[in-house]
Amino acid sequence: QIGAGVSLPGVVAAKCGAEVTLSDSEELPQCLRNCRRSCLMNDLPHVPVIGLTWGRVSPELLSLAPVDLILGSDVFFDPEDFEDILTTVYFLLEKNPRAQFWTTYQVRSADWSIEALLCKWKLKNIHVPLHSFSADKEHLAGSPLPGRHTIEMMIISLARSDGT
């Protein structure tokens, strides 16, 4: 999981039996501590937590084991980070061509888009409608978000040479 924060998606995946590596910015040690704390609180002391900074090739990024799935929960919140996120995702997908990046995000502005960056980095995305897995309820899990927000989910992968 990239940009793990408190690492809920990664912790759930690990609890379901997946081999998981959690990552957040190496420049935010508190976030890395939060990831470790989440693992310990969920009886997952074996889950590795590493510092990765989006857009930066580091020894930690280079030494990652092969992956099938990259998770990112609400990582597209600051447009200044969009290209760095996709640079990191592209690197991981090039290293693992059959992998996919599954991400959710809150639509914060109609002016913010990653479409041009997806083309630039030769990535494609598939929009996953929340209703396709009953996650489009206003008060999902009994905890309403303040106000009315639009949450989206997409799966990003490498585009083939013909652009598909």
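Residues numbered from 1 in each chain as written. Predicted model: local features only at pLDDT ≥ 70, side-chain atom pairs only at ≥ 80, totals over all residues. Heavy atoms only, no water.

Caption draft 1: Expanded view of the pairing of strand E4 (residues 100-106). Summarising the sheet, strand E3 (residues 69-73) and E4 pair through five bridges and their orientation is parallel. Residue pairing for E4: Leu 71 is matched across the bridge by Trp 102. Taking the sense of rotation as the criterion, the β-α-β connection linking E3, helix H4 (residues 82-95) and E4 turns out right-handed. Looking at chain direction, E4 and strand E6 (residues 151-158) are connected through six bridges and run antiparallel. Note on E6: the bridge partner recorded for Trp 102 is Ile 155. (Pairing = 2+ DSSP bridges. Helix = DSSP H or I, 4+ residues; strand = E, 2+ residues; numbered from the N terminus. Right-handed = clockwise from strand over helix to strand, strands pointing away.)

Caption draft 2: The confidence of the model for the protein chain, seen in detail. Mean pLDDT for the protein chain: 88, with 91% of residues reaching 70 or above. Per-element confidence in the protein chain ranges from a low mean pLDDT of 89 for E4 to a high of 96 for helix H1 (residues 8-15). (pLDDT = per-residue confidence, 0-100.)

Caption draft 3: Quick peek at the pattern of salt bridges. Summed over all chains, the structure comprises three salt bridges. With a closest N to O distance of 2.8 Å, Glu 26 and Arg 56 form a salt bridge. With Glu 26 in the loop between strand E1 (22-24) and helix H2 (29-41) and Arg 56 in the loop between strand E2 (49-51) and helix H3 (59-62), this residue pair connects regions lying 30 residues apart in the sequence. Of the residues examined, Glu 26 reaches a relative accessible area of 32% and is grouped as partly exposed. A salt bridge links Glu 83 to Lys 120, with the nearest nitrogen and oxygen atoms 2.5 Å apart. Taken together, the residues span a long stretch of sequence, with Glu 83 in helix H4 and Lys 120 in helix H5 (residues 115-120) at a distance of 37 residues. What makes Glu 83 partly exposed here is its relative accessible area of 26%. Here the salt bridges do not stand alone but share partners, grouping Glu 26, Glu 27 and Arg 56 into one network. (Salt bridge = Lys/Arg side-chain N within 4 Å of Asp/Glu carboxyl O. Buried < 20%, exposed > 50% of the residue type's maximum accessible area, 1.4 Å probe, protein only.)

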